[in-house]
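Examining the three-dimensional arrangement
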Amino acid sequence: MKKKALYAGSFDILTKGHLDIITRGAALFDELYIGLFYNVAKEGFFTIEERLSILRELTKDLANVKLVKSTEELAIDVAGRLEIKYLLRGLRDEEDYRYESNMARFNNELSGKIETVFLQSNPKYAHVSSSKMKELIYFKGNISAYVPRKVIEKLEEKQLETLSK
Ligand code: ADP
């Protein structure tokens, strides 16, 4: 039986921290599903299509990585549908630990079987978050050290689109 994991998030500004968890997760599991979870009522920074295109491009050489979109669904339900038994999460600090361990207990209880596997963040990216990236962009800060090049390219395309409107 293949060991399959689901790494879910909104990835609204994918960072090198996310990519590090994806790469390490792909090496640990037979199949890694990246779950692009989003709320239709909430407008993000990048559109769903833009986020998918970034994820697709950055995982094209990881043969066992698959992408799945989901809206208004619990991670355990998506996992159940795809016969996935593991949820993969990244842990940056105590705050993540507190939130994630609580979620892991609920997910395990509600699903009756799901295990959550945590990977400690690479210390280089332990302070990096999507919301911090948005804040830096807003104040015209340089985010190139924290996000993959593809994200910068998409950002530049977006800024050009806005200018030409
Ligand atoms: P969302 O809030 O939409 O779920 P996040 O980006 O906050 O999306 O989180 C998705 C997962 O990625 C979580 O497990 C989170 O801990 C992890 N993660 C986010 N940023 C990093 C980072 N810099 N290093 C390691 N893991 C991270």
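If you're wondering where the values come from, they're calculated on a predicted model, not measured in any experiment.

**Digging into the site of the ligand**
Near the ligand there are 16 residues, and of these Tyr7, Ser10, His18, Gly90 and Tyr125 occur at the shortest range. At 2.7 Å, a side-chain N or O of Tyr7 approaches an oxygen atom of the ligand. In the complex, 82% of the free accessible area of the ligand, which totals 540 Å², lies under the protein chains. With respect to the detected pockets, the ligand is housed in the largest pocket. Put simply, the parts of the chain that give the shell around the ligand at least two residues each are strand 1 (4-9), helix 1 (16-28), strand 4 (86-91) and helix 4 (94-111). Residues of the shell around the ligand, tallied by class, amount to five nonpolar, seven polar and four charged.

**Regarding the nonpolar core**
Residues Ile22 and Leu32 are the most contacted members of the largest nonpolar core, which totals 29 residues. Those elements giving two or more residues to this core turn out to be strand 1, helix 1, strand 2 (31-38), helix 2 (48-58), helix 5 (130-138) and helix 6 (149-163). The leading source of residues in this core is helix 2, at four residues. With near-sequence residues (within four places) excluded, Leu32 lies in contact with Ala5, Tyr7, Ile22, Gly25, Ala26, Asn64, Val65, Lys66 and Leu88. Within the second largest apolar cluster, 13 residues are counted, among which are Ala75, Ile76, Ala79 and Leu82.

Parameters and conventions
Residues numbered from 1 in each chain as written. Predicted model: local features only at pLDDT ≥ 70, side-chain atom pairs only at ≥ 80, totals over all residues. Heavy atoms only, no water. Near = heavy atom within 4 Å. Polar contact = N/O pair within 3.5 Å; in protein donor to acceptor, adjacent residues only side chain to side chain. Areas by Shrake-Rupley, 256 points an atom, 1.4 Å probe, with all protein chains shown as cover. 1 Å grid on protein atoms, 1.4 Å probe; cavity = no way out; pocket = protein on both sides within 12 Å on 5 of 7 lines; lining within 4 Å. Sits in = over half its atoms within 2 Å of the grid points. Helix = DSSP H or I, 4+ residues; strand = E, 2+ residues; numbered from the N terminus. Nonpolar A, V, L, I, M, F, W, Y, C, P; charged D, E, K, R; others polar. Core = buried A, V, L, I, M, F, W, Y, C linked by side-chain atoms within 4.5 Å. Buried < 20%, exposed > 50% of the residue type's maximum accessible area, 1.4 Å probe, protein only. Contact = heavy atoms within 4.5 Å.

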